[in-house]
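Inside the fold
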Amino acid sequence: MIRNFATLPALAALLLAGACTTGPSGTEVTRFHLGQPIARSSIVLVAADPARRDSLEFRSFADAVASELRAQSFTPVAVDAPDVAYVGTITISQGSRPAPPKGGLTIGLGGGSFGRGGGVGGGVSFPVGQSRPGEIVATTLALQIKRHSDGSVIWEGRATGLTDTRGAVDPGAAVPKLARALLSGFPGPAGQTVRVP
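Let us look at the structure shown here. Note that this is a predicted model, so its numbers are computed, not measured.

Each value, and the rule that gives it
- Residues numbered from 1 in each chain as written.
- Predicted model: local features only at pLDDT ≥ 70, side-chain atom pairs only at ≥ 80, totals over all residues.
- Heavy atoms only, no water.
- Helix = DSSP H or I, 4+ residues; strand = E, 2+ residues; numbered from the N terminus.
- Buried < 20%, exposed > 50% of the residue type's maximum accessible area, 1.4 Å probe, protein only.
- Contact = heavy atoms within 4.5 Å.
- Salt bridge = Lys/Arg side-chain N within 4 Å of Asp/Glu carboxyl O.
- Polar contact = N/O pair within 3.5 Å; in protein donor to acceptor, adjacent residues only side chain to side chain.
- Core = buried A, V, L, I, M, F, W, Y, C linked by side-chain atoms within 4.5 Å.
- Expected span 1.5 Å × (residues − 1).
- Pairing = 2+ DSSP bridges.
- Right-handed = clockwise from strand over helix to strand, strands pointing away.

Across its full length, the protein chain holds two helices and 10 strands. Its helices and strands taken in sequence order, the protein chain reads β-β-β-α-β-β-β-β-β-β-α-β from the N to the C terminus. Out of the 197 residues belonging to the protein chain, those deemed buried represent 44%. Across the protein chain, contacts joining residues at least 24 apart in sequence account for 81% of those joining residues at least 6 apart.

Pasting the structure below:
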């Protein structure tokens, strides 16, 4: 069973206010940085939850992120590699809300809450890889990049994809697409939420 690696306080913040859709599509991406050039160099990827850092599930997620970092000219390396320039911390989380009735009805996602404890729209979180039939599932990949030398954050971002499901959603299938959307055109626009097809 794939378990949650970390729980974000509320995934609703990742969704554009007032956005409406006839069904989940695309990926919403938000990135933050100082607008300064980021030298490409070595980077080690770790899980936000230390208990999951050596799990096979996390390694599969990290491999997807590493592949996209290579495409942006970074060099992913092992945790014990010498002279590492950056540390990338990965968080994977999922949340859900009831799916709309079939038939093409439009639903407003901006008022919903995807995260622990529910909220407007009754969103709830659950262990990664589990859901109930008839739900819309939000899978979020978050990545924070710090300088290894002083721990200063130089870039962070998150990508959220929605799936209209009638059963469980495998985050392993979602993460490669989320990583591609998150890191495409790195570092990307700062402080904006954009939709990537």
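Turning to the pattern of salt bridges, a few remarks are in order. Across all of its chains, the model carries three salt bridges by this definition. R195 is paired through a salt bridge with E28; the nearest N and O atoms lie 2.6 Å apart. Pair noted here: R195 is in strand β10 (residues 193–196) and E28 is in strand β2 (residues 27–33), with a separation of 167 residues, a long-range link. A salt bridge links R180 to E68; its shortest N-O distance comes to 3.8 Å. Taken together, the positions of R180 in helix α2 (residues 171–183) and E68 in helix α1 (residues 56–71) put the pair 112 residues apart, joining distant regions of the chain. We classify R180 as partly exposed; its relative accessible area is 45%.

A few words on the side chain of T139. Summarising the element assignment, T139 is placed in strand β8 (residues 135–147). Assessed through its relative accessible area of 2%, T139 is described here as buried. Polar side-chain contacts of T139 include one of 2.8 Å to the side chain of Q94.

Counting residues in hydrophobic clusters, the biggest one holds 29 residues, and the most contacted among them are L45, V65, I90, L143 and W155. If you list the elements that add at least two residues to this core, you get β3 (42–47), α1, β5 (86–98), β8, β9 (153–165) and α2. Considering every element that reaches this core, the biggest residue donor is α1, with seven residues. The contact partners of W155, leaving out residues within four places of it in the chain, are R31, F32, H33, I38, L143, Q144, I145, L182, L183, F186 and P187.

Glancing now at α1. Compared with the 22 Å implied by 1.5 Å per residue over 16 residues, the 23 Å span of α1 between its first and last C-alpha is a close match. Turning to α1, its buried residues are F58, F61, A62, A64, V65, A66, E68 and L69. Directly after α1, the chain includes S73, whose backbone phi takes a positive value near 75 degrees.

Moving on, we get to the pairing of β3. Taken across its six residues, β3 has six buried, putting it largely inside the fold. Residues S42, V44 and V46 of β3 are buried on one face, and the alternating residues I43, L45 and A47, pointing to the opposite face, are buried as well. For β3 and strand β4 (residues 75–77), the ladder comprises three bridges, and the chain directions are parallel. Within β4, the residue paired with I43 across the bridge is P76. Each parallel crossover has a hand, and for β3 linked through α1 to β4 it is right-handed.

Let us look at unusual backbone geometry. That bond from F186 to P187 is cis: its omega, 5 degrees, falls within 30 degrees of zero. Along the polypeptide, P187 turns up in the loop between α2 and β10. Of note in this structure, D83 is not a glycine but carries a positive phi near 55 degrees. Mapped onto the elements, D83 comes out in the loop between β4 and β5. Residue classification places D83 among the exposed positions, given a relative accessible area of 76%.

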